[in-house]
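This is what each chain is made of:
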Amino acid sequence: YIVGENWDNSNPWLMGDQYDGVMNYELLFPMWNYFGTNIDTKQYTSTEFKHKVNQVLTDYPKNVLKSLYNLVDSHDTTRILEICSNDIELVKLPYLFLFTFPGAPSIYYGGEIGLSGKHDPDNRRCMIWDKEKQNKSIQSHIKKLIQLRNTYNAFKSTEINWIETNDKEQYIIYQKEDLYFILSKRYKENTINLPDSLRNNTFENIYNGKTVTTSDIIEVPSYGFYILKKK
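Residues numbered from 1 in each chain as written. Predicted model: local features only at pLDDT ≥ 70, side-chain atom pairs only at ≥ 80, totals over all residues. Heavy atoms only, no water.

### Side note on the overall build of the protein
Counting secondary structure elements, the protein contains 6 helices and 12 strands. Taken over C-alpha atoms, the radius of gyration comes to 17 Å for the protein, in line with the 17 Å a tight globule of 231 residues would show. In terms of principal-axis extent, the alpha carbons of the protein reach across some 50 × 45 × 35 Å. Residues classed as buried in the protein amount to 50% of the 231 residues present. Nonlocal contacts in the protein, meaning residues at least 24 apart in sequence, comprise 60% of its contacts between residues at least 6 apart. Accessible area for the protein stands at about 10900 Å²; split by element, carbon and sulfur atoms hold 48% of it. (Helix = DSSP H or I, 4+ residues; strand = E, 2+ residues; numbered from the N terminus. Rg over C-alpha atoms; globule rule 2.2 N^0.38 Å. Buried < 20%, exposed > 50% of the residue type's maximum accessible area, 1.4 Å probe, protein only. Contact = heavy atoms within 4.5 Å. Areas by Shrake-Rupley, 256 points an atom, 1.4 Å probe, with all protein chains shown as cover.)

Rendered as structure tokens:
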């Protein structure tokens, strides 16, 4: 497997005779611009984020999508926790989206225990080995995402069905096979009017194993999310 560090559209290098995959910065920057709160550029609306993700999904053939090296930060960038204003709850959202994208999700060392840092060289801080100083919340989150991705093939699917992207209320709802993902990037509780496909039904939130019985609305905590599967 040969991976290239290319920051732009990489189709010319992915024709089968050079790279097998590339570091997917074309996905990284839309995630920064959507979920990030400490960025120098314009923040994306939910609809703009959808369009950027769709562009990646259509730019590359499906066999290439499955070989991409997906990331939220790297040795050459500001760390994602810093991009999310060092808010450990907010940073869980880009990690969740990362793990629902086809290809190989990657974690830059220390991201799994809450290591932050501004642009290079601050992003290359020493690893925190003292377990008492590691953030257990983000570590548990990433472990859970790994377990879910290994259990449900829908996480790896190249098909995303966008059910709703709400710009005003700042949430996205999308479907991958039999799983429904609701992500709210509002800093306070969000009352979401559910689409018809999710109303008046019983689901399992596979993230925590709890049963969720829906009506016309659903309450999503600050920077909250659901991963729903019909029971």
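### Looking at the layout of surface pockets
Here the largest pocket defines a volume of roughly 180 Å³. Every residue along the wall of the largest pocket is listed here: Glu89, Lys92, Asn205, Tyr207, Asn208, Pro221, Ser222, Tyr223, Gly224 and Phe225. The residue makeup of the lining of the largest pocket, split by class, is 4 nonpolar, 4 polar and 2 charged. As a volume, the second largest pocket reaches approximately 160 Å³. Phe29, Trp32, Asn33, Asn38, Ile39, Asp40, Thr41, Thr78 and Ile83 are the residues that line the second largest pocket. At 3 residues, the largest contribution of residues to the lining of the second largest pocket is made by helix 1 (residues 25-35). A per-class count over the lining of the second largest pocket returns 4 nonpolar, 4 polar and 1 charged. (1 Å grid on protein atoms, 1.4 Å probe; cavity = no way out; pocket = protein on both sides within 12 Å on 5 of 7 lines; lining within 4 Å. Points joined across faces, edges and corners; volume = space filled by probe spheres on them. Nonpolar A, V, L, I, M, F, W, Y, C, P; charged D, E, K, R; others polar.)

### Brief notes about the pairing of strand 6 (residues 171-176)
The two faces of a sheet get side chains in turn, since along a regular strand they alternate between them. For strand 6, the tally of buried residues reaches 6 of 6 residues, placing the bulk of the element in the interior. Both strand 5 (residues 161-166) and strand 6 contribute to a ladder of 5 bridges, which runs antiparallel. Each residue of the ladder has a partner; that of Thr165, found in strand 6, is Ile172. Taken together, strand 5 and the strand that follows it, strand 6, pair antiparallel across an intervening segment of 4 residues, in which Gln170 is found at a positive phi of about 60°. Pairing between strand 6 and strand 7 (residues 179-184): 6 bridges, direction antiparallel. Along strand 7, the bridge assignment pairs Ile173 with Ile182. Where strand 6 folds back onto strand 7 in an antiparallel hairpin, the turn is made up of 2 residues, including Glu177, whose phi is positive at roughly 55°. (Pairing = 2+ DSSP bridges.)

### Topic: empty space enclosed by the protein
All chains considered together, the criterion is met by 1 cavity of 30 Å³ or more. Here the largest cavity is characterised by a volume of approximately 50 Å³. Together, Asp73, Arg79, Ile80, Leu81, Ile88, Val91, Tyr95, Gly111, Gly114, Leu115 and Ile138 line the largest cavity. Residues belonging to the lining of the largest cavity are distributed by class as follows: 7 nonpolar, 2 polar and 2 charged.

### So, the side chain of His141
Within the secondary structure layout, His141 lies in helix 6 (residues 136-151). When its relative accessible area of 0% is taken as the criterion, His141 is described as buried. Among all residues touching His141, those that are not within four sequence positions of it are Lys92, Tyr95, Leu96, Tyr207 and Phe225.

### A few points about the pattern of salt bridges
Overall, the coordinates contain 10 salt bridges when judged by the stated rule. Measuring nitrogen to oxygen at the nearest pair gives 4.0 Å for the salt bridge that ties Asp196 to Arg199. Classification of Arg199 by relative accessible area gives partly exposed; the value is 29%. Linked by salt bridges that have partners in common, Asp76, Asp120 and Arg124 make up one network. (Salt bridge = Lys/Arg side-chain N within 4 Å of Asp/Glu carboxyl O.)

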